[in-house]
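What follows is each chain in one-letter form.
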Amino acid sequence: VVSTAALVPAAGRGDRLGAGIPKALQPVCGVPLLVHALRALLAAPSVALVAVAAPPGDVQRVRDLVAAHLGDPKPVLVVAGGPSRQASVAAALGVLPADVDVVVVHDAARAFAPADLVETVVAAVRAGADAVVPGLPVTDTIRRVGLDGRGLGTVDRADLRSVQTPQAFSRSVLEAGHAAAVDEETDDAALVERIGGRVVVVVGSDEAFKVTRPIDLVLAEALVRQRQETG
Ligand code: CTP
Ligand code: MG
């Protein structure tokens with residue numbers, strides 16, 4: 001039997017949110033961000049099990065949250081995350097059962113990504129891709145600046161994409177990417193590319209936005225309320 005697991009890096013501090021608690025525990029409409037993220041992942045039919053990398057001091061608290069909010073029959077493993085996102089993903093990767101052959105990596109901070117985006121990236125890996133990531137065209141004008149703030153020209157944005165999660169990987173390729181890692185990368189697709197893996201970009205979702213700054217909580221609350229109203 002082979003199966004698909006989802007890894008959720010959720011161990012970050014949320015410094016840019018500035019709420020004084022780990023971002024994954026930040027409530028949105030009364031429910032922690034991490035619980036919103038887990039609901040979406042557990043709703044994806046392909047996902048058989050989830051491994052969460054929790055803030056190191058909050059492992060038991062996250063286990064309690066999972067027990068209180070999620071009555072799902074799918075297993076949710078909780079491990080302590082590391083000092084970087086990459087280390088947190090590696091920690092969660094370390095507890096996967098042997099029969100898992102496809103891995104989804106999904107930021108707790110992108111808690112409102114639709115379940116069908118999970119299915120899209122998983123299906124593309126099952127169809128043979130090493131790594132599949134969602135991306136959206138960049139909407140702002142991007143300009144290079146020197147250290148003195150002087151403008152160094154505008155970047156052509158036609159071939160730029162803002163990359164999101166959920167990202168899906170062949171487990172063996174993702175493990176090889178982590179084993180070969182030298183620098184900290186901001187996502188797992190970058191690790192896979194460093195070892196020569198091919199990364200496919202599919203169309204992302206506005207709803208897969210990352211809760212990063214306080215203004216993002218305004219959008220998150222409005223989105224949850226809108227979903228509640230429309231069922
Ligand atoms: N993450 C993690 N372990 C870390 C750092 C980050 O698991 N040591 C996770 C975060 O919990 C988040 C995702 O990686 O779900 C994306 O990171 P980011 O948006 O940067 O979250 P934080 O690091 O918490 O935020 P900040 O950088 O503002 O402190
Ligand atoms: Mg961070």
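Observations regarding the packing of helix α3 (residues 85-93) against helix α5 (residues 171-179)
Step number 1: At a closest axis distance of 11 Å, the pairing of α3 and α5 adopts a crossing angle of 130 degrees. By the angle between their directions, the pair α3 and α5 is classed as oblique. α3 and α5 meet at a crossing whose hand is left-handed. In this structure, α3 contributes Gln86, Val89, Ala90 and Leu93 to the contact, and α5 contributes Arg171, Leu174, Glu175 and His178.
Step number 2: Tallied by class, residues from the contact of α3 with α5 come to four nonpolar, two polar and two charged.

A look at unusual backbone geometry
Step number 1: Cis geometry is found at the peptide bond from Thr165 to Pro166, where omega equals 10 degrees.
Step number 2: Within the secondary structure layout, Pro166 lies in the loop between β10 (161-163) and β11 (167-170).

Observations regarding the pairing of strand β7 (residues 131-137)
Step number 1: By the criterion of burial, β7 is predominantly enclosed, with six of the seven residues buried.
Step number 2: Examined bridge by bridge, β7 and β11 share two bridges and lie antiparallel to one another. Counted as the bridge partner of Ala131 is Phe169 from β11.
Step number 3: Pairing of β7 with strand β12 (residues 199-203) involves five bridges; the strand directions are parallel. In the strand pairing of β12, Ala131 is matched with Val199.

Thresholds, definitions, all that
- Residues numbered from 1 in each chain as written.
- Chains lettered and ligands numbered in written order.
- Predicted model: local features only at pLDDT ≥ 70, side-chain atom pairs only at ≥ 80, totals over all residues.
- Heavy atoms only, no water.
- Axes fitted to C-alpha atoms, helices over the stretch in contact; angles between N-to-C directions.
- Helix = DSSP H or I, 4+ residues; strand = E, 2+ residues; numbered from the N terminus.
- Parallel < 35°, antiparallel > 145°, perpendicular 65-115°, else oblique.
- Left-handed = near helix turned anticlockwise from the far one by under 90°.
- Contact = heavy atoms within 4.5 Å.
- Nonpolar A, V, L, I, M, F, W, Y, C, P; charged D, E, K, R; others polar.
- Buried < 20%, exposed > 50% of the residue type's maximum accessible area, 1.4 Å probe, protein only.
- Pairing = 2+ DSSP bridges.

Read these as layout, nothing more, since geometry by itself doesn't imply function.
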